[in-house]
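Fold and geometry: a report
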Amino acid sequence: MTDQEKADKIVYKLMYPLDAFSQWMQIDIINVSPGACEIKAEIRSDMLNGFNVCHGGVTFSLADSAFAFASNSRGVQALSIETSISHSRPVLSGDIITASARELNLSSRLAIYDVVLTNQNNESVAFFKGTVFRTGKQWEF
């Protein structure tokens, strides 16, 4: 099995089908490759806060899903140990938000990822950074 086939199987067949929250967000997986993932979702009215803008937890969750898929795509089960997000622009109902995760650093036990969130106009709306602990346990096929 190639690295790409392994990444596809982990994300599409093992992780996403069991990820009820990503499914509730109606996330579409655009692309996955070893150490990277791109997903998107449309912001719905039930995702807005009291200011009528997207709740920060929704954009965080979108970034977190891309981060999770990217960090597990190499075949080793990985769990988040530290994350942060900075929001740079309001996200509104109807916006299509894309989260693009890429690996910045990989070691046997830790990996660091950067996730950029953009809207349908290719404007950056948030920047996420996360670190995972790589358990050493392989995904089973």
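See the structure above.
This is a predicted model, so every value here is computed, not measured.

Cut-offs and rules
- Per-chain numbering applies: the sequence of each chain, read as written, is numbered from 1 onward.
- The predicted origin of the model limits local features to residues at a pLDDT of at least 70 and limits the giving and counting of side-chain atom pairs to 80 or more, whereas totals for whole chains, interfaces and linings rest on all residues.
- Side-chain metrics in this entry use all non-hydrogen atoms of the structure; hydrogen atoms and water are not considered.
- Helix and strand labels come from DSSP, where a helix needs a run of H or I of at least four residues and a strand needs a run of E of at least two; each type is numbered from the N terminus.
- Throughout, radius of gyration means the C-alpha value; the globule benchmark is 2.2 Å times the number of residues raised to the power 0.38.
- Partly exposed residues are those whose accessible area sits between 20% and 50% of the maximum for their type, while under 20% is buried and over 50% is exposed, using a 1.4 Å probe and protein chains only.
- We call two residues in contact when some of their heavy atoms are within 4.5 Å.
- Here the accessible surface of atoms and residues is derived via Shrake-Rupley with a 1.4 Å probe, and residues count as covered only by protein chains that are part of the display.
- Here Asp and Glu are counted as negative and Lys and Arg as positive; His is not counted, and neither are the chain ends.
- By convention, the point assigned to a charge is CZ for Arg, NZ for Lys, CD for Glu and CG for Asp.
- Two cysteine sulfur atoms form a disulfide, by the criterion used here, when they sit within 2.5 Å.

Per the secondary structure count, the protein chain includes 3 helices and 6 strands. Its C-alpha atoms give the protein chain a radius of gyration of 15 Å, near enough to 14 Å, the size a compact globule of 141 residues would have. A burial count over the protein chain gives 39% of its 141 residues as buried. Considering only contacts within the protein chain whose residues lie at least 6 apart along the sequence, 64% involve residues at least 24 apart. About 7,300 Å² of surface is accessible on the protein chain, with carbon and sulfur atoms providing 50% of the total. For the protein chain, the centre of its 12 positive side-chain charges and the centre of its 15 negative side-chain charges are spaced 6 Å apart.

All chains considered together, the criterion is met by 0 disulfides. Cys54 supplies the cysteine sulfur nearest to Cys37, a cysteine that is in no disulfide, at a spacing of 18 Å. The buried category is assigned to Cys37, whose relative accessible area is 4%. When its relative accessible area of 9% is taken as the criterion, Cys54 is described as buried.

Along the chain, Ser65 falls in helix 3 (residues 56–72). Taking the relative accessible area as the measure of exposure, Ser65 reaches 7% and is therefore buried. Setting aside anything within four residues of it in sequence, one finds Ser65 in contact with Asp19, Ser22, Ile27 and Ile39.

Geometry only, nothing functional implied.
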